[in-house]
Amino acid sequence: MSQETDQPFLTASLNKMVNWGRKNSLWPATFGLACCAIEMMASTDSRFDLSRFGSEAFRASPRQADLMIVSGRVCKKMAPVLRQVYDQMPDPKWVIAMGDCASNGGVFNNYAVVQGVDQIVPVDIYVPGCPPSPDALIHAVMELQKKIDKERFSERY
């Protein structure tokens, strides 16, 4: 045998390598609008520790983020701003709708509140609850990581 074949080596598809990097380094752009934002902030403290999943680096600039967490109710005046922030995020990007208000308007069934953020931006994961616990957000991040792991380049572009 030649010496080259005796050496251990690792093979993986490009999709697997890229998805591994993407799923383990999600940088959220926070869009905290109501009480759910308090629970979103609590998910990064020492008790819940969202940093175990590589998602603790919340970004103030949408140009540095690839995950938008919409937490709370979105009023109609805020909808264009939400869309603008989403459009400024680089591809690939993902969205988590956190709480009943972001998912379907919650108890605010009136003319001023958007009845689901999915009318403005495409949502990948919905987190139920009013307000949902930090554990629920961490579970949503884990589910998003599973979804990212199964993606292919042709699906995103």
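Residues numbered from 1 in each chain as written. Predicted model: local features only at pLDDT ≥ 70, side-chain atom pairs only at ≥ 80, totals over all residues. Heavy atoms only, no water.

- In the nomenclature of an unreviewed UniProt entry, the protein corresponds to NADH-quinone oxidoreductase subunit B from the organism Armatimonas rosea.
- The record held by UniProt for the protein lists under Catalytic activity (unreviewed entry) the comment "a quinone + NADH + 5 H(+)(in) = a quinol + NAD(+) + 4 H(+)(out)".
- Recorded in UniProt under Subunit (unreviewed entry), the annotation for the protein is "NDH-1 is composed of 14 different subunits. Subunits NuoB, C, D, E, F, and G constitute the peripheral sector of the complex." (UniProt positions renumbered as here; feature names shortened; annotations may be inferred.)

### Describing the sheet that holds strand β2 (residues 67-71)
Thinking step 1. With respect to topology, four strands assemble into an open sheet ordered β1-β2-β3-β4, the strand pairing being parallel. The open sheet has two free edges, formed respectively by β1 (28-32) and β4 (125-127), since each of these has just one partner strand. For this sheet, the mean angle separating the axes of adjacent strands, direction not counted, is 15°.
Thinking step 2. Where β2 and strand β3 (residues 94-98) come together, five bridges link them in parallel fashion. Within the sheet, the bridge partner assigned to Met-68 lies in β3 and is Val-95.
Thinking step 3. Helix α4 (residues 79-88) rests against β1, β2 and β3 of the sheet, and its axis sits at about 165° to β2. (Pairing = 2+ DSSP bridges. Helix = DSSP H or I, 4+ residues; strand = E, 2+ residues; numbered from the N terminus. Axes fitted to C-alpha atoms, helices over the stretch in contact; angles between N-to-C directions. Contact = heavy atoms within 4.5 Å.)

### A few points about helix α6 (residues 134-149)
Thinking step 1. Its 16 residues give α6 an end-to-end C-alpha distance of 23 Å, which sits within 8% of 22 Å, the value for a rise of 1.5 Å per residue.
Thinking step 2. Those residues of α6 that sit buried are Pro-134, Leu-137, Ile-138, Ala-140, Val-141, Leu-144, Gln-145 and Ile-148. With its buried residues spanning 155° around the axis, α6 presents them on a single face.
Thinking step 3. In this structure, the buried residues of α6 make contact with α2 (14-23), α3 (36-42), β2, β3 and β4. (Expected span 1.5 Å × (residues − 1). Buried < 20%, exposed > 50% of the residue type's maximum accessible area, 1.4 Å probe, protein only. Arc of directions from axis to C-beta.)

### Details of α4
Thinking step 1. For α4, every residue scored as buried is listed here: Ala-79, Leu-82, Val-85 and Tyr-86. Seen end-on, α4 carries its buried residues on one side only, within an arc spanning 125°.
Thinking step 2. Looking at the packing, one finds that the buried side of α4 touches β1, β2 and β3.

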